Amino acid sequence: DAKTTQPTSMDCAEGRAANLPCNHSTISGNEYVYWYRQIHSQGPQYIIHGLKNNETNEMASLIITEDRKSSTLILPHATLRDTAVYYCIVIGGNKLVFGAGTILRVKS
Amino acid sequence: DTAVSQTPKYLVTQMGNDKSIKCEQNLGHDTMYWYKQDSKKFLKIMFSYNNKELIINETVPNRFSPKSPDKAHLNLHINSLELGDSAVYFCASSQEIGASGTDTQYFGPGTRLTVL
């Protein structure tokens, strides 16, 4: 079973920041938070991951709370092409367990 | 220069047939995976191979047999196909698990299998 809880769906206006929350209250000290997304009919795409510190790359930022029980993925300027299912995954080995994810709809 | 490729992209076949799906990665990774995404869209891991050795084998029927001729390839052979095998199958790869305890997985485009 997935160790994370995410909202079923969210809407975001094009050009605005998309903030996707994730709860992982049972996360262990050596487990990472990973984010993937799946655009319709494509393979899952890696976005970002982190352990304790906030992380940023060319795609997104990841904010992890100090107690590590929740995190937020931020897409700073959402575009229509960011419409996808976003998966938050907690992992301490190489076995990804995908939940239902959040359907993000970016609207013009 | 696709990183993880799968063939075929679509596969339509009759119940009872045997079929194979091929996966290749050119990332130099040591670990490869097969996932199944059913009609409800849940992605579930099936197998994982590291340097041609099986390291994860979820509760998958033994009609499914992964074969890794070398560390760049992980093929999935399915015997006696059933209607319930209809799904999208994704291959993935990652570098060997490092000291950090995990590593990013990169996925192929998927193979949509339809069993009639």
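The rules we used
Residues numbered from 1 in each chain as written. Chains lettered and ligands numbered in written order. Predicted model: local features only at pLDDT ≥ 70, side-chain atom pairs only at ≥ 80, totals over all residues. Heavy atoms only, no water. Disulfide = S-S within 2.5 Å. Helix = DSSP H or I, 4+ residues; strand = E, 2+ residues; numbered from the N terminus. Buried < 20%, exposed > 50% of the residue type's maximum accessible area, 1.4 Å probe, protein only. Contact = heavy atoms within 4.5 Å. Buried area = accessible area lost by both parts, 1.4 Å probe. Salt bridge = Lys/Arg side-chain N within 4 Å of Asp/Glu carboxyl O. Polar contact = N/O pair within 3.5 Å; in protein donor to acceptor, adjacent residues only side chain to side chain. Nonpolar A, V, L, I, M, F, W, Y, C, P; charged D, E, K, R; others polar.

### So, the state of the cysteines
Here is the idea: a disulfide is a covalent bond, and it sits between the sulfur atoms of two cysteines.
Phase 1 of the analysis: Across all of its chains, the model carries two disulfides over all chains by this definition.
Phase 2 of the analysis: Residue pairing for A:Cys22: its cysteine sulfur links by disulfide to A:Cys88, the two sulfurs lying 2.1 Å apart. On the S-S bond that ties A:Cys22 to A:Cys88, the torsion sits near -85 degrees, and the link is left-handed. Of this pair, A:Cys22 sits in strand β2 (residues 18-23) while A:Cys88 sits in strand β8 (residues 84-91), placing them 66 residues apart in sequence. Each member of the pair, A:Cys22 together with A:Cys88, is buried.
Phase 3 of the analysis: Disulfide pairing is shown between B:Cys23 and B:Cys91; the S-S distance is 1.8 Å. Residues B:Cys23 and B:Cys91 are joined through a disulfide that is left-handed, its torsion about the S-S bond being -75 degrees. Of the two residues, B:Cys23 is situated in strand β3 (residues 19-25) and B:Cys91 in strand β9 (residues 87-94); the sequence distance between them amounts to 68 residues. Here B:Cys23 matches B:Cys91 in class, with each residue buried.
Phase 4 of the analysis: Cysteine A:Cys12 is unpaired, with the sulfur of A:Cys22 as its nearest cysteine sulfur at 18 Å.

### Structural notes on the interface of chain B and chain A
Phase 1 of the analysis: The interface of chain B with chain A comprises 23 residues on the first partner and 20 residues on the second.
Phase 2 of the analysis: For the pair chain B and chain A, the two sides together bury roughly 1700 Å², of which 54% comes from carbon and sulfur.
Phase 3 of the analysis: At the junction of chain B and chain A, the tally comes to zero salt bridges.
Phase 4 of the analysis: Put simply, chain B and chain A have three residue pairs in polar contact (both at pLDDT 80 or more) between them.
Phase 5 of the analysis: Going through the elements one at a time, β4 (31-37), β5 (43-50) and β6 (53-57) of chain B are the ones with two or more residues in the side of chain B that touches chain A.
Phase 6 of the analysis: Per element, the largest residue contribution to the side of chain B that touches chain A is four residues, and it comes from β4(B).
Phase 7 of the analysis: Across the side of chain B that touches chain A, the residue classes tally to eleven nonpolar, nine polar and three charged.

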